[in-house]
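Tertiary structure, described
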Amino acid sequence: MANTRHTYTYPTRIEYGPNAMKDFTHIVKEQGLKKGLIVTDKGIEKVGTADLLKGFFTEVGIDTVIFSDVKSNPTEKNVLDGTQVFKENNCDFIVALGGGSPMDAGKTMKVMATHDGPLEKYDDMKGGDKYILDNMPPFYAIPTTAGTGSEVGRSSVININNKKVIIFSPFMMPDIAVLDPLITVSLPAKLTAATGVDAFVHSLEAYIMETFHPMADGIAIEAMKMCVENLSTAVYKGDDIEARGKMLMASAMGAIAFQKGLGVNHAIAHGLGIFYDMHHGLANAIVLTEVMKYNISREETRKRYASLGSIFGVENDAEKVIEAIGKWLISLGIVVNLRDLNVKEDQFTALEEYALADPCCPLNPKTVEKGDIVTILKNLI
Ligand SMILES: [Fe+2]
């Protein structure tokens, strides 16, 4: 049952279910840890979830300090400031509480707690992973949204001098991911929809990737099914614990699947995020059906899309699946016209340039040529 507690160990220890966050503080106590740094953002602090967690720790006799200065695109300064708070307070573990940003920032603070700067030294694109040693404090992740799946990921994205830098190491995987649906019920409908579609797109883009990885493909298919079956309930009946729980699990599964990689959908979404500060999940949702129509000319991708028919209750036909996804997005209340979001046509070329340089773009199964992204965007206006 999705509304009861479970413990899994794949790909890391996962404590799942209602009250998992409270139970988790007992686990930390058993591990003999004494003082924790809670990494979060102002929004989570405002709704009281950070204080709730702090209170649970107090009940088991563990002192914590809250660091809530993480920006929506976490910066090097956020990481260094948090690391300083960790050191000044003699903390011995870190808990990230929030969406992808606090989780990415917390993961990187764990690195900087025991490694010398500058942070740029650990840039994965420059082979920085080899400098990250297995000598870091315990790190735990508690997602408050169901979308990024960063709680089961081994990398973070940090803004260093206005450039998004990936920090990666197998040692950055959270020691425990805590999936507690009770703390996601307050997420507003619009954000629930956008983050949930992000989780769906992670699985879809991973699934169409032609790398041989049947394990990830199996997880991706089940995660997409769970999104389609539960996201609408999570959006329109936010206190449904079973639907919230299944979306949290589908989000984690999506992130496990996308170890295969992501494609042009995410490349464009990253561009829309940088140019218009558009919500990442919303950006992914808006371009989704047009990207699918673009990808469909590749026979192998067409077959993969077609195989998803049963998830949407339609024939195994790629066009019918795309049509069903379009209807699903509308049913979730997602705006599908870029003009409604003030996206300007005269910026399409610059947006394309950005997306073509995004690391996700070359992984798309269909090779993306100059002009293709402009065409996709024009179809959305
Ligand atoms: Fe995403």
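Residues numbered from 1 in each chain as written. Predicted model: local features only at pLDDT ≥ 70, side-chain atom pairs only at ≥ 80, totals over all residues. Heavy atoms only, no water.

Examining the domain arrangement of the protein
Here the protein is partitioned into domain 1 (6-183) and domain 2 (185-378). A C-alpha centroid distance of 26 Å is found between domain 1 and domain 2. Domain 1 puts 21 residues into the contact, and the matching count from domain 2 is 23 residues. Contact with domain 2 buries area across many residues of domain 1, yet A146, G147 and P181 alone supply 27% of it, more than any other trio. Scanning the region where domain 1 abuts domain 2 turns up zero salt bridges. Counting across the interface, domain 1 meets domain 2 through three residue pairs in polar contact (both at pLDDT 80 or more). Looking at the side of domain 1 that touches domain 2 residue by residue, the classes come out as 12 nonpolar, five polar and four charged. (Domains from an automatic or database assignment. Contact = heavy atoms within 4.5 Å. Buried area = accessible area lost by both parts, 1.4 Å probe. Salt bridge = Lys/Arg side-chain N within 4 Å of Asp/Glu carboxyl O. Polar contact = N/O pair within 3.5 Å; in protein donor to acceptor, adjacent residues only side chain to side chain. Nonpolar A, V, L, I, M, F, W, Y, C, P; charged D, E, K, R; others polar.)

Let's talk about the coordination of the iron ion
The protein atoms that coordinate the iron ion are D198 (OD), H202 (NE2), H266 (NE2) and H280 (NE2), at distances of 2.1 to 2.2 Å. In this structure, the iron ion is surrounded by four donor atoms whose angles at the metal cover 87 to 169 degrees, and the resulting shape is irregular. Positions of the donor residues of the iron ion along the chain correspond to the pattern D-x3-H-x63-H-x13-H. Remark: H266 occurs in helix α9 (residues 264-276) and H202 occurs in helix α6 (residues 189-208); sequence separation between them is 64 residues. Comparing H202 with H266 shows no difference in burial state: the two are buried. (Donors = N, O, S within 2.8 Å, 3.2 Å for Na, K, Ca; no water. Tetrahedral: all angles 85-135°; square planar, octahedral: opposite > 155°, others 65-115°. Helix = DSSP H or I, 4+ residues; strand = E, 2+ residues; numbered from the N terminus. Buried < 20%, exposed > 50% of the residue type's maximum accessible area, 1.4 Å probe, protein only.)

Thoughts on the sheet that holds strand β1 (residues 6-9)
Sheet architecture is open: seven strands sit in the order β1-β2-β9-β6-β5-β3-β4, paired in mixed fashion. The open sheet has two edge strands, β1 and β4 (63-67), and neither has a second partner. For this sheet, the mean angle separating the axes of adjacent strands, direction not counted, is 20 degrees. Relative to strand β9 (residues 176-179), strand β6 (residues 139-143) is paired through two bridges, and the arrangement is parallel. By the bridge assignment for β9, Y140 is matched with I176. Where helix α5 (residues 100-114) meets the sheet, it contacts β3 (35-39), β4, β5 (93-98) and β6, and its direction lies at approximately 165 degrees from that of β5. (Pairing = 2+ DSSP bridges. Axes fitted to C-alpha atoms, helices over the stretch in contact; angles between N-to-C directions.)

Comments concerning the pattern of salt bridges
By the definition in use, this model includes 18 salt bridges. Between K293 and E290 there is a salt bridge whose closest N-O contact spans 3.1 Å. One end of the pair, K293, and the other, E290, are both in helix α10 (residues 280-295), three residues apart, so they sit about a helical turn from each other. According to the relative accessible area criterion, K293 is partly exposed, its value standing at 46%. Here E319 and R302 are joined by a salt bridge, their closest N and O atoms 3.3 Å apart. Residue E319 is located in helix α13 (residues 318-331), and its partner R302 is located in helix α11 (residues 299-306); the two are separated by 17 residues in the primary sequence. Take R302: its relative accessible area is 27%, and that puts it in the partly exposed class. A network of salt bridges, in which partner residues are shared, links R5, R13, E15 and D23.

Quick notes on empty space enclosed by the protein
Applying the stated criterion across every chain yields a total of two cavities of 30 Å³ or more. Lining the largest cavity, in full, are A146, T184, L187, T192, T195, G196, L231, A234, R244 and M247. Per element, the largest residue contribution to the lining of the largest cavity is three residues, and it comes from α6. Among the residues making up the lining of the largest cavity, the classes are represented as five nonpolar, four polar and one charged. By volume, the second largest cavity is sized at about 30 Å³. Along the walls of the second largest cavity sit L204, E205, I208, N265, L288, V291, N295 and Y305, which together make up its complete lining. Contributing elements (two or more residues each) for the lining of the second largest cavity: α6 and α10. Of the residues in the lining of the second largest cavity, the class split is five nonpolar, two polar and one charged. (1 Å grid on protein atoms, 1.4 Å probe; cavity = no way out; pocket = protein on both sides within 12 Å on 5 of 7 lines; lining within 4 Å. Points joined across faces, edges and corners; volume = space filled by probe spheres on them.)

A look at helix α14 (residues 348-357)
Within α14, burial applies to F348, L351, E352 and A355. End-on, the buried residues of α14 take up no more than an arc of 100 degrees, which puts them together on one face. Facing away from the buried side of α14 by more than 90 degrees, the exposed set consists of E353 and A357. Looking at the buried side of α14, the elements it contacts are α9 and α15 (372-378). (Arc of directions from axis to C-beta.)

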